[in-house]
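Structural overview for review
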Amino acid sequence: MRERTLERVRKLLAKAERTDNEHERATFMAAASALMARHGIDALPPAGTRQTPGDRIVSLPHPWAREKARLVSLVAQAVRCRPLLIGRGEGGQRVHVFGFAADLERADLLATSLLLQMASGLARVRLPEGVTAVRAYRRSWLLGFTDEVYRLLCEAESRAEAESAGTGTAVVLADRRAEVERVVAARYPDIRISVPRTSGTGYRDGVAAGRHADIGRTGMSTATAPELVR
């Protein structure tokens, strides 16, 4: 991602971090996520340009390793990458993410930020009165947070695609998706799809927290966070 674009994102999100007004925070978040989505379109090469997808393996440590892996996977999917959960690693879970360089970079930045936000949000959660299944509540909170973040990111990406000029963008995106899928199929010919089960009563609270997440926080360096050790 170009440094100029990163700087604009940092400024927007610095404002979001300083305000205590949730409506202002949501406004800055929306602007930052829209800018990042727009960058994803602007970074597309001309039609007919040949690029090769790359990949990276992301390791997520305990606790909540599987829930962290799900967040990484859905963030990657929202920004046009192809994630696969490849099982347990050393002390956690691993996700193999395929995509083109600009999209991998966006997925890395967003996932690093959102993992930190999810962890800090869960730490602040106060259990509603009457909740006895604490772990189930927290797990469903994490799933709700992730689903809402995924929805917001997909909306931003869809708007950026719709606003791009001409039909050439759709053709390029379709070609790139197909190319990524070919690389994945060659590496993993047998893929199984699993859907997480939601139990507990924290899902709705997690959705509410995800709705106010800053898509790409700035209170961190551009280096990859420990949750994203390759």
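Per chain, the residues get numbers from 1 upward, laid out in the order the sequence is written. Selection of residues for local features in this predicted model requires a pLDDT of at least 70, selection of side-chain atom pairs for listing and counting requires 80 or more, and totals for whole chains, interfaces and linings are taken over all residues. Think of the side-chain values as coming from all heavy atoms in the structure, minus any hydrogens and water.

So, about the overall build of the protein. Only DSSP runs of H or I with at least four residues qualify as helices, and only runs of E with at least two residues qualify as strands; both kinds are numbered from the N terminus onward. When you go through the protein residue by residue, the secondary structure sums to seven helices and three strands. Its helices and strands taken in sequence order, the protein reads α-α-β-α-β-β-α-α-α-α from the N to the C terminus. Here's how the labels work: a residue is buried when its accessible area is under 20% of the maximum for its type, exposed when over 50%, partly exposed in between, all with a 1.4 Å probe on protein chains only. Counting only residues that meet the buried cut, the protein has 43% of its 230 residues in that class. Contact between two residues is taken to exist if any of their heavy atoms lie within 4.5 Å; hydrogens are not considered. Within the protein, counting contacts between residues at least 6 apart in sequence, those at least 24 apart form 80% of the total. As presented, the protein carries roughly 12500 Å² of accessible surface, and 51% of it is formed by carbon and sulfur atoms. Using a 1.4 Å probe, the Shrake-Rupley method yields the accessible areas, and only the shown protein chains count as cover for residues.

Turning to helix α3 (residues 65-78), a few remarks are in order. Helix span, expected: 1.5 Å multiplied by one less than the number of residues in the helix. When the terminal C-alpha atoms of α3 are compared, their 20 Å separation across 14 residues agrees well with the 20 Å that a helix rising 1.5 Å per residue should span. With 12 of 14 residues buried, α3 is to be regarded as a mostly interior element. Among all positions of α3, only A65, E67, K68, A69, R70, L71, V72, S73, L74, V75, A76 and A78 are buried. Immediately beyond the C-terminal end of α3, within one or two residues, lies R80, with a positive phi of roughly 75 degrees.

Turning to the pattern of salt bridges, a few remarks are in order. Any two side chains of opposite charge can pair if their charged atoms end up close together. The salt bridge definition used is simple: a Lys or Arg side-chain nitrogen within 4 Å of an Asp or Glu carboxyl oxygen. Summed over the entire model, instances satisfying the criterion amount to 16 salt bridges. Note that R182 and E179 form a salt bridge whose closest N and O atoms lie 2.6 Å from each other. You can see R182 and its partner E179 sitting in helix α6 (residues 168-187), three residues apart, about one turn around the helix. Bridged by salt links that share partners, the residues R80, D103, R106, E157, E161, R176 and R177 form one connected network.

Let us look at the side chain of T169. Mapped onto the secondary structure, T169 falls in helix α6. Engagement of the side chain of T169 in a polar contact is seen with the side chain of S164, the distance being 3.4 Å. Apart from residues lying up to four places away in sequence, T169 is in contact with I41, L44 and S164. Whenever two N or O atoms come within 3.5 Å, that pair is a polar contact, provided that in protein one can donate a hydrogen and the other can accept it, and provided that, for residues adjacent in sequence, both atoms are side-chain atoms.

Before going further, it helps to spend a moment on the packing of α3 against helix α4 (residues 101-124). Helix axes use the C-alpha atoms of the stretch in contact, all axes being lines fitted to C-alpha atoms, and the angles between their N-to-C directions lie in the range 0 to 180 degrees. Packing of α3 against α4 leaves a shortest axis separation of 9 Å and a crossing angle of 145 degrees. In the packing of α3 onto α4, the handedness of the crossing is right-handed. Touching E67, K68, L71, V72, V75 and A76 of α3 are A107, L110, A111, L114, L115 and M118, all from α4. In the contact of α3 with α4, the residues fall into 10 nonpolar, no polar and two charged. By definition, turning the near helix anticlockwise from the far helix through less than a right angle yields a left-handed crossing, and turning it clockwise yields a right-handed one. Residues are grouped as follows: Ala, Val, Leu, Ile, Met, Phe, Trp, Tyr, Cys and Pro are nonpolar; Asp, Glu, Lys and Arg are charged; every other residue, Gly included, is polar.

What follows is about the pairing of strand β3 (residues 92-99). Successive side chains on a regular strand alternate, one facing one side of the sheet and the next facing the other. Within β3, seven of the eight residues are buried, which leaves it mostly tucked inside the rest of the structure. Examined bridge by bridge, strand β1 (residues 54-61) and β3 share eight bridges and lie antiparallel to one another. For I57, the partnering residue across the bridge sits in β3 and is H96. In this analysis, strands are considered paired if DSSP registers two or more bridges between them.

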